[in-house]
Amino acid sequence: MMKIKNLFLALFILLAAQSCVILSPKKHKAMLAQIDSLTTRTGTLEEQLAKLQSDTARLHREMAELQGNYNTLNNNYTSSSSKVNELSENLKKREARLKEVEEILRKRDEATNALRDKLQKALLGFQQSGLSVDIRNGKVYVSLTDKLLFPSGSIIIDEKGKQALKQLAVVLNKEPDINIAVEGHTDVKKIINLGQIKDNWDLSVLRATSVSRHLTEVEKVDPQRLTATGKSQYQPIDPGTTAEALSKNRRIEIVLSPKLDELYNLIKK
């Protein structure tokens, strides 16, 4: 801006000098050329000044926009950082709970396997008579065919069945943390003329309660640990219709599962 003012001042001085001094044509022509040059330079400088002013305004706008973007990013980063920390803490808590659950389930599996081994050893003498012990879904299943426990169509346990239940109770009474479910199962044949037993539902339920009653009243298993249910014909282990398949399906299953209070309490947290 100062340069432009100086040029105008020089131009004014030249004009004033021209009015007071008589110049030769050659000098006058040179002076006019100099004035034209100064005028051209002044116009160029004015254009440059306008461009600089425009560029400066644009740079100010861009700077303001960049500052706004920076503030937004900084706020977002702070918020994101807080969320990341929160998620990280939640993940750590979940991992800790997962480890607890895995440890409890490991203990359950160990206890289940140990219980199966004890029962197989205690009931070894009955395994040729239709008794089996196996693990399904983390539970021990003691399966006794009806011929081991009951006369045909009866709900009264015979002597051989009582001996098997006695050996079973010896193990159960030493394992107080085991829940016991007694399930009665039948085949698909309809019940005919059995007096108070009207159908397979009745037969499956009454056989289950008969076994439960013997375990609690005779073998002194804590009744609070037992549940008796009848499944009728609807959970066969062999879908066939042969005599052997029907015999397999007529059974009492005693389902033993470790108490998982520790796991349930953990889940409720």
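(A) Local environment of the sheet that holds strand β2 (residues 139-145). Here we have five strands laid out as an open sheet, ordered β1-β2-β5-β3-β4, and mixed in their pairing. The sheet terminates laterally at β1 (131-136) and β4 (226-230), the two strands that pair on one side only. Averaged over all pairs of adjacent strands, the angle between their axes in this sheet comes to 20°, without regard to strand direction. As judged from the six bridges shared by β1 and β2, these two strands associate in the antiparallel manner. Among the inter-strand pairings, Arg 136 is bridged to a residue of β2, identified as Lys 139. Sitting on the sheet, helix α5 (residues 200-218) is in contact with β3 (178-185), β4 and β5 (251-258), with an inclination near 160° to β4.

(B) Quick peek at the side chain of Thr 112. Within the element layout of this structure, Thr 112 appears in helix α2 (residues 25-122). Residue class for Thr 112 comes out buried when judged on its relative accessible area of 2%. What Thr 112 contacts, discounting residues up to four positions off in sequence, is Ile 135, Gly 138, Lys 139, Val 140 and Pro 258.

(C) Highlighting the packing of aromatic side chains. Counted under the stated rule, the structure contains one aromatic pair. Arranged with centres 5.5 Å apart and planes meeting at 35°, the rings of Trp 201 and Tyr 234 form a pair that is tilted. A residue pair is termed long-range when its members are at least 10 positions apart, and Trp 201 in helix α5 and Tyr 234 in the loop between β4 and α6 (243-249) qualify at 33 residues.

(D) Unusual backbone geometry, seen in detail. Within the chain, Asn 137 stands out as a residue other than glycine whose phi angle is a positive 55°. Turning to its location among the elements, Asn 137 is positioned in the loop between β1 and β2. Phi angles above zero are rare outside glycine, and Lys 220 is one such case at about 60°. Considering the arrangement of structural elements, one finds Lys 220 in the loop between α5 and β4.

(E) Geometry of the pattern of salt bridges. Under the criterion given, the structure shown has 13 salt bridges. With its nearest N and O atoms 3.1 Å apart, the salt bridge here joins Glu 62 to Arg 58. In this pair, Glu 62 and Arg 58 both sit in helix α2, four residues apart, roughly one turn of the helix. By relative accessible area, which is 34% here, Glu 62 ends up partly exposed. Classification of Arg 58 as partly exposed rests on a relative accessible area of 34%.

(F) Representation of α5. Helix length check: α5 (19 residues) gives 26 Å between terminal C-alpha atoms against 27 Å at 1.5 Å per residue, within 8%. All buried positions along α5 are accounted for by Asn 200, Leu 203, Ser 204, Arg 207, Ala 208, Ser 210, Val 211, Ser 212, His 214 and Leu 215. Along its buried surface, α5 packs onto α3 (146-149), α4 (159-173), β3, β4 and β5. One or two steps after α5, the chain reaches Lys 220, where phi turns positive at roughly 60°.

(G) Layout of the environment of Ser 247. By the secondary structure assignment, Ser 247 is in helix α6. For the pair Ser 247 and Asp 146, spaced 101 residues apart in sequence, the C-alpha separation works out to 7.7 Å.

Scoring rules and cut-offs
Residues numbered from 1 in each chain as written. Predicted model: local features only at pLDDT ≥ 70, side-chain atom pairs only at ≥ 80, totals over all residues. Heavy atoms only, no water. Pairing = 2+ DSSP bridges. Helix = DSSP H or I, 4+ residues; strand = E, 2+ residues; numbered from the N terminus. Axes fitted to C-alpha atoms, helices over the stretch in contact; angles between N-to-C directions. Contact = heavy atoms within 4.5 Å. Buried < 20%, exposed > 50% of the residue type's maximum accessible area, 1.4 Å probe, protein only. Phe/Tyr/Trp six-rings, centres within 6.5 Å; stacked < 30°, edge-to-face > 60°. Salt bridge = Lys/Arg side-chain N within 4 Å of Asp/Glu carboxyl O. Expected span 1.5 Å × (residues − 1).

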